[in-house]
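For reference, the chains in residue letters:
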Amino acid sequence: FLVVSNISPEDPSAVIGGNERVVRPRLADAKFFFDQDRKKTLESRVPGLDKVVYHGKLGSQGDRMQRVQAIARAIVHQLGEHQPASVQSHDELQMLAHKVDQAARLAKTDLLTDMVGEFPELQGIMGGYYARHEGLRDGVAIAIEDHYKPRFAGDALPRNHTGTVLALADKLETLVGLFGIGQLPTGDKDPFALRRHALGVIRLLVEKNLPLDLPELISAAVPVFGERITDPRPALIDFFFDRLAVSLREQGYSAQEVEAVLALRPERLGEVPRRLAAVRTFAGLPEAPALAAANKRVGNILKKVEGGVAAHVDAAMLKEPAEAALNEALRRVQPEADAAFDQGDYTASLQALAALKTPVDAFFDGVMVNAEDAALRANRLGLLAMLHAAMNRVADLSRLAA
């Protein structure tokens, strides 16, 4: 151990000895607790979780453990659905499901140990050590140790797939449960650290680039609570995107860039960094300001149409050269932009749209959208609806308009 003293004694032995007298009993206590705890297996402690209250409205730690298990199973299932599985990856998925189930069952049992009772900051960490001493496979032990991660801003993420799934399930259970009974953070008060839990989920999804949809994850967690909660999904989705927006601005993205990407509420948070990079590149193009302004104008026009507008054009009804030219440019550019989008190349997708600047400008200069003829007006609105849909797949580009 290291001691820093604000004096410079001629003989430091008294300082050393005094500190040793303080530290030695604590180390002896820790060794005693460690030896005592290992007399019982983690599995033998599982029934004891039913006797520990987690929350008055949400039941015991045993109830919570079962919910985390169910959510973790759902996450593994979603991973399998979103990643077309070969025979090998199917076997890996089955193994992951088994390890996650075991780790979720044992993850909270160290709360019942003497060591964690005396040193609460060691929860999770001691569970990992005890699991290793029992000879459990290392992946399960690491997952138990890591499932609280990230504990704070800048903390490391779980080291393996099992720990990642378990950490996600644990945090989602906390968020869905507490939101479901109305325990939302207010102002500076966040007694259950829900903001930290939400940021933890965001970091896991983004930094691990997991092929998981946030709304689908939350929807899988809601039913495991049965009648204990009311459906928290709308409020919780808003909460996640609020936290994500704050986090992205703290990372140096502009408010406009963040708003443009998050306005579409992308379901896969792992895609957000690539979308932001694409928006930043697009915003640097000379065509960007005019296209953003045009996109905002198109959006405002379409909002005023009662009943919405179908994105469809009858080419035979395009009378003005400028509207025919825009339709032709759109039919040429859109396949390129869509192909890049489908391949996840969001930068190329947005860059392809730059070719629309000249025909879009000419359209607004030479075409009366709200023509007196209803069929002509509907056709032009349909063309604008096609343009709007093509331009706003990666981000809401109108948010870049000055």
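Residues numbered from 1 in each chain as written. Predicted model: local features only at pLDDT ≥ 70, side-chain atom pairs only at ≥ 80, totals over all residues. Heavy atoms only, no water.

Draft legend 1. View of the side chain of H55. You can see H55 is positioned in strand β1 (residues 53-55). Not counting residues within four places of it along the chain, the set of residues in contact with H55 comprises L178, I181, Q183 and F192. (Helix = DSSP H or I, 4+ residues; strand = E, 2+ residues; numbered from the N terminus. Contact = heavy atoms within 4.5 Å.)

Draft legend 2. Representation of the packing of aromatic side chains in the model. Taken as a whole, this structure holds five aromatic pairs when the rule is applied. When the centroid spacing of 5.5 Å and the interplanar angle of 85° are considered together, the rings of F363 and F364 count as edge-to-face. When its relative accessible area of 0% is taken as the criterion, F363 is described as buried. By relative accessible area, which is 15% here, F364 ends up buried. Its guanidinium or amino end placed over the ring of Y129, R132 lies 5.8 Å from that ring's centre, counting from NZ or CZ. (Phe/Tyr/Trp six-rings, centres within 6.5 Å; stacked < 30°, edge-to-face > 60°. Buried < 20%, exposed > 50% of the residue type's maximum accessible area, 1.4 Å probe, protein only. Lys NZ or Arg CZ within 6 Å of the ring centre and 35° of its normal.)

Draft legend 3. Highlighting the pattern of salt bridges. Scanning the model with the defined rule gives 30 salt bridges in all. The residue E43 makes a salt bridge to R105 at a minimum N-O spacing of 2.7 Å. Residue E43 is found in helix α2 (residues 42-45), and its partner R105 is found in helix α4 (residues 87-106); the two are separated by 62 residues along the sequence. The exposure class of E43 is partly exposed, given its relative accessible area of 37%. (Salt bridge = Lys/Arg side-chain N within 4 Å of Asp/Glu carboxyl O.)

Draft legend 4. View of unusual backbone geometry. Cis peptide bonds are those with omega within 30 degrees of zero, and the linkage from K149 to P150 qualifies with -10°. Mapped onto the elements, P150 comes out in the loop between α7 (138-146) and α8 (161-180). With a phi angle near 50°, N209 is a residue other than glycine that sits in the positive phi range. Phi at R265 takes a positive value of approximately 50°, unusual for a residue other than glycine. Note that R265 resides in the loop between α12 (255-262) and α13 (272-283).

Any link to function would need more than the numbers given here.
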